[in-house]
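# Structure at a glance
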Amino acid sequence: MSVLVYIENVEGKFKKSSFEIISFAAAIASKVKLPLVALSIGKVSNDELQKAAQYGASRILSVDNEKFSSVNPQSYASVIAEASKSEQAKIVVMVAGFSGKSIAPRVAVKLDAGLAENVIEMPVIDGSFIVKKGAYSGKAFCYVEMTYDLKVVSMLPNSFKVISSPVQAQIVPFAAIIQEKDFTAS
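First things first, this report covers the structure right here in the doc. Just so you know, these numbers come straight off a predicted model, no measurement behind them.

### A short note on the overall build of the protein
Regarding its fold elements, the protein presents four helices and 10 strands. Mapped from its N terminus to its C terminus, the protein presents α and β elements in the order β-α-β-α-β-α-β-α-β-β-β-β-β-β. Relative to the 2.2 N^0.38 estimate, which gives 16 Å for 186 residues, the radius of gyration of the protein is 15 Å and therefore close to what a compact globule would have. In terms of its C-alpha atoms, the protein occupies a principal-axis envelope of roughly 40 × 40 × 30 Å. A total of 186 residues make up the protein; the buried ones form 50% of that total. Taking as baseline every contact in the protein between residues at least 6 positions apart, the subset at least 24 positions apart corresponds to 71%. When the accessible area of the protein is evaluated, it comes to approximately 9300 Å², of which 52% is carbon and sulfur surface. Put simply, the protein has 20 plus and 17 minus side-chain charges, and the middle of one group is 4 Å from the middle of the other.

Here's what the structure looks like:
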């Protein structure tokens, strides 16, 4: 079992939000006592992938396939769901950015998981799993208890600080089974 964090890249480079989400996922993984696995989709160098280890990812899955030259929410969701199953992830974490807002719900459906979007701080994990999330365009907050065994959590950017916690990381190519239907709209 593990916590899986999907880290976005832009033209093969990670942005600050990627390091925030790894730090956030590492804090969750530490709290639930599971290893943190990071997933990168697209062409990213090994040196760039190793940066994920600086924030707590001990295993980094890399999907380096030319079909992923641009973000396609359906195909990305399929890969993330497949990686989640492969790694037996109990919690999947991603940024609630432009692409994450369309990917997270799809991943939750594919995994039959609970979904909490726009999370703004570390969940309360003490036998329950309660997240604080923004509501009404950030004008209000609400607390949601996630009761599903599998959880998909998307965090708003700039909601969690970047925390350096270097670990030794293993970079592993991940050969996702990709269907042509994942690249088409229906």
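There's plenty left to go through after this.
### Quick notes on the side chain of S62
With respect to the helices, strands and loops of the structure, S62 is situated in strand β3 (residues 59-63). Look past the residues within four positions of S62 in its chain and what remains in contact with it is S40, L49, V172, P173 and F174.

### A look at the nonpolar core
Of all hydrophobic cores here, the largest spans 35 residues; its most connected members are I21, I22, F24, L36 and V93. For this core, the secondary-structure elements that each account for two or more residues are β1 (2-7), α1 (16-32), β2 (36-41), β4 (89-95), β5 (114-119), β7 (129-135) and β9 (151-155). Take this core: its biggest share by element is eight residues, from α1. In this structure I22 touches V5, I7, L36, A52, Y55, G56 and A57, once residues within four positions along its chain are discounted.

### Digging into helix α3 (residues 73-86)
The periodicity of an α-helix, 3.6 residues per turn, causes residues three or four places apart in sequence to face the same way. Here α3 spans 20 Å end to end across 14 residues, near enough to the 20 Å set by a 1.5 Å rise per residue. Taken residue by residue, α3 has S75, Y76, A77, S78, V79, I80, A81, A83 and S84 as its buried positions. Tucked into the core, α3 has its buried residues touching β1, β2, β3, β4 and α4 (100-111). The first or second residue beyond α3 is Q88, which carries a positive phi of 50°.

### Some points on the packing of aromatic side chains
The final tally for this structure, using the stated rule, is four aromatic pairs. Note on Y6 and Y76: the rings are 6.2 Å apart at their centroids and 90° apart in plane angle, and the pair reads as edge-to-face. You can see Y6 sitting in strand β1 and its partner Y76 sitting in helix α3, a full 70 residues away along the chain. According to the relative accessible area criterion, Y76 is buried, its value standing at 3%. When the ring of F14 is compared with that of F19, the centres are 6.3 Å apart and the planes differ by 75°; the resulting orientation is edge-to-face. Summarising the burial analysis for this pair, F14 and F19 share the class buried. One aromatic cluster is present, built from ring pairs that chain together F14, F19 and Y55.

### A word on the side chain of S99
Examined against the element boundaries, S99 turns out to sit in the loop between β4 and α4. Once residues within four sequence positions are removed from consideration, S99 is found in contact with E8 and V71.

### Let's talk about the pairing of β9
The buried fraction of β9 is high, at five of five residues. A two-sided burial pattern is seen for β9, the buried positions comprising K151, V153 and M155 on one face and V152 and S154 on the other. The sheet contact formed by β4 and β9 spans five bridges and is parallel. Bridge pairing links V92 to V152 in β9. In this structure, β5 lies alongside β9, joined through four bridges in parallel fashion.

The rules behind these values
Residues numbered from 1 in each chain as written. Predicted model: local features only at pLDDT ≥ 70, side-chain atom pairs only at ≥ 80, totals over all residues. Heavy atoms only, no water. Helix = DSSP H or I, 4+ residues; strand = E, 2+ residues; numbered from the N terminus. Rg over C-alpha atoms; globule rule 2.2 N^0.38 Å. Buried < 20%, exposed > 50% of the residue type's maximum accessible area, 1.4 Å probe, protein only. Contact = heavy atoms within 4.5 Å. Areas by Shrake-Rupley, 256 points an atom, 1.4 Å probe, with all protein chains shown as cover. Lys, Arg positive; Asp, Glu negative; His and termini not counted. Charge placed at Lys NZ, Arg CZ, Asp CG, Glu CD. Core = buried A, V, L, I, M, F, W, Y, C linked by side-chain atoms within 4.5 Å. Expected span 1.5 Å × (residues − 1). Phe/Tyr/Trp six-rings, centres within 6.5 Å; stacked < 30°, edge-to-face > 60°. Pairing = 2+ DSSP bridges.

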